[in-house]
Amino acid sequence: MINGTLDVLAANALAQALYAPFTPADNLARMVFLDPAAQHFHTRWADTAEAVAAHLRHTAGLAPDSEPLRHLVRDLTARSAHFAHLWTTHTVRGKTSDTKHFHHPEAGPLTFAYQAFDVCAAPGLQLVVYQPAPATSTSTARGLARLRAAQHHCATG
């Protein structure tokens, strides 16, 4: 579950294991633009970066007076030249559905189709569901098995 500024509000154990390379794994925008793990983790990092900036522009249109959004944009602009450039393009796109390509240090390459669902009872919140992308379901299923095993090992180790 995420909000408009891409704060991770809730995640199941497998999602937590997926994003384990990030410290902390609490805001998707900060993770993409400020965490050194991002460019290796997101195999199509430039596309991901553009989508994140466009999502934040979308949020700005829905909540132009959002202080948390203004703070996030100031922080990202000050600390990431790439974000600062993307922010000036004014591209607007909400999070709906797409394909994500990851390279996880434990699980290897993973490709997911995702769908974001608006939470009607809580405007601004979205539930994001990942599933193996059809064309890569076998390799992603193997990667998920490795991720589950690594997650289980960490939980019991």
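For the structure, check the block above.
What counts and what doesn't
Residues numbered from 1 in each chain as written. Predicted model: local features only at pLDDT ≥ 70, side-chain atom pairs only at ≥ 80, totals over all residues. Heavy atoms only, no water. Patch = residues over 30% accessible without salt bridge, like charges linked within 9 Å, V, L, I, M, F, W, Y side chains within 5 Å. Areas by Shrake-Rupley, 256 points an atom, 1.4 Å probe, with all protein chains shown as cover. Salt bridge = Lys/Arg side-chain N within 4 Å of Asp/Glu carboxyl O. Helix = DSSP H or I, 4+ residues; strand = E, 2+ residues; numbered from the N terminus. Buried < 20%, exposed > 50% of the residue type's maximum accessible area, 1.4 Å probe, protein only. Polar contact = N/O pair within 3.5 Å; in protein donor to acceptor, adjacent residues only side chain to side chain. Core = buried A, V, L, I, M, F, W, Y, C linked by side-chain atoms within 4.5 Å. Contact = heavy atoms within 4.5 Å. Pairing = 2+ DSSP bridges. Axes fitted to C-alpha atoms, helices over the stretch in contact; angles between N-to-C directions.

Asker: Would you mind going over a nonpolar patch on the surface with me for this structure?
Answerer: A grouping of Phe-117, Leu-127 and Val-129 is seen on the molecular surface, where their side chains present a nonpolar patch of about 250 Å² in accessible area. Relative to the helices and strands, Leu-127 is located in strand S3 (residues 126–132). Accessibility expressed as a relative area gives 39% for Leu-127, which makes it partly exposed.

Asker: Just checking my understanding: could you explain the environment of Thr-88 for this structure?
Answerer: Structurally, Thr-88 can be placed in helix H6 (residues 81–89). Since its relative accessible area comes to 53%, Thr-88 is described here as exposed. Within the structure, Thr-88 has its side chain in polar contact with the backbone oxygen of His-85 (distance 2.6 Å).

Asker: Which parts of the structure should I look at to understand the nonpolar core?
Answerer: The biggest cluster of nonpolar side chains holds 34 residues, and the ones touching the most others in it are Leu-18, Tyr-19, Phe-33, Leu-56 and Phe-83. Every element with two or more residues in this core is listed here: helix H1 (13–18), helix H2 (28–34), helix H3 (38–41), helix H4 (45–62), helix H5 (67–79), H6, strand S2 (108–118) and helix H7 (137–156). In contact with Tyr-19, not counting residues within four places along its chain, are Ala-25, Leu-28, Met-31, Phe-41, Phe-102 and Tyr-130.

Asker: I tried to follow the sheet that holds S3 on my own but got confused; where do I start?
Answerer: The pairing of strands in a sheet happens through backbone hydrogen bonds and is either parallel or antiparallel. With antiparallel pairing, the three strands of this open sheet are ordered in space as S1-S2-S3. Only two strands of the sheet have a single neighbouring strand rather than two, namely strand S1 (97–104) and S3. Put simply, the sheet's adjacent strands are angled 35° from each other on average, direction ignored. Taken together, the eight bridges between S1 and S2 define a ladder with antiparallel strand orientation. Bridged to Phe-102 within S2 is Leu-110.

Asker: Would you mind showing me how to read the pairing of S2 here?
Answerer: The antiparallel pairing of S1 with S2 creates a hairpin that spans three residues between the two strands. Bridge count for S2 against S3 is seven bridges, and the pairing is antiparallel. Considered in S3, the bridge of Asp-118 is made with Gln-126.

Asker: Hey, could you run me through the side chain of Gln-126 in this one?
Answerer: Its location among the elements puts Gln-126 in strand S3. Accessibility expressed as a relative area gives 8% for Gln-126, which makes it buried. A polar atom in the side chain of Gln-126 sits 3.0 Å from the backbone oxygen of Lys-95. Sequence-distant contacts of Gln-126, defined by excluding residues within four places in its chain, comprise Met-1, Ile-2, His-55, Lys-95, Ala-116, Phe-117, Asp-118 and Val-119.

Asker: Before we go on, may I ask you to explain the pattern of salt bridges in this structure?
Answerer: Any two side chains of opposite charge can pair if their charged atoms end up close together. Counted according to the given criterion, the structure contains four salt bridges. In this structure, Glu-67 and Arg-70 form a salt bridge, with 3.2 Å as the shortest nitrogen-oxygen distance. Remark: Arg-70 and Glu-67 occur in helix H5; sequence separation between them is three residues, near one turn of the helix. Residue classification places Glu-67 among the partly exposed residues on the basis of a relative accessible area of 40%. Between Asp-75 and Arg-79 there is a salt bridge, with the nearest N and O atoms lying 3.4 Å from each other. Taken as a pair, Asp-75 and Arg-79 lie in helix H5 at a separation of four residues, close to a single helical turn. Classification of Arg-79 by relative accessible area gives exposed; the value is 54%.

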